[in-house]
Amino acid sequence: MQRLLNLTAAYPWPIFALLTLTSVGAASQLHKLEIHISPQALTVEGDSAKTLYETTVETFGSDNVTVISLSLQFCSPTPD
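Residues numbered from 1 in each chain as written. Predicted model: local features only at pLDDT ≥ 70, side-chain atom pairs only at ≥ 80, totals over all residues. Heavy atoms only, no water.

### Section: a nonpolar patch on the surface
On the surface, Met1, Leu4, Leu5, Leu7 and Tyr11 cluster together into a nonpolar patch covering about 580 Å² of accessible area. As for its position among the elements, Leu4 is in helix α1 (residues 2–10). (Patch = residues over 30% accessible without salt bridge, like charges linked within 9 Å, V, L, I, M, F, W, Y side chains within 5 Å. Areas by Shrake-Rupley, 256 points an atom, 1.4 Å probe, with all protein chains shown as cover. Salt bridge = Lys/Arg side-chain N within 4 Å of Asp/Glu carboxyl O. Helix = DSSP H or I, 4+ residues; strand = E, 2+ residues; numbered from the N terminus.)

### Points about the packing of aromatic side chains
According to the stated counting rule, one finds one aromatic pair in the structure shown. Ring centres of Trp13 and Phe16 lie 5.8 Å apart, and the angle between their planes is 90°; on these two criteria the pair is classed as edge-to-face. Of the two residues, Trp13 and Phe16 both sit in helix α2 (residues 12–27), three residues apart, roughly one turn of that helix. By relative accessible area, Trp13 is classed as exposed at 65%. (Phe/Tyr/Trp six-rings, centres within 6.5 Å; stacked < 30°, edge-to-face > 60°. Buried < 20%, exposed > 50% of the residue type's maximum accessible area, 1.4 Å probe, protein only.)

### Description of the confidence of the model for the protein
Here the protein averages 83 in pLDDT, and 88% of its residues register 70 or above. Confidence, read as mean pLDDT per element, is least for helix α3 (residues 48–60) in the protein (84) and greatest for α2 (95). (pLDDT = per-residue confidence, 0-100.)

Here it is, written out as structure tokens:
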């Protein structure tokens, strides 16, 4: 770690140029970046869970999940 600090202190402009070129190179590839947020991207081909998922989507038409919670009170205090 000390060697790295000494190197950057001795040659600040070449290190800055190298970091800048690396950043520009990475930024030039951003248009190729793909972000998959669907469950299909997280499953393995031929997996039984994926087959079940595809069958469920075919049956119900969507993979949107709706959770309904019911709270029933069978015994409520009666006023005195």
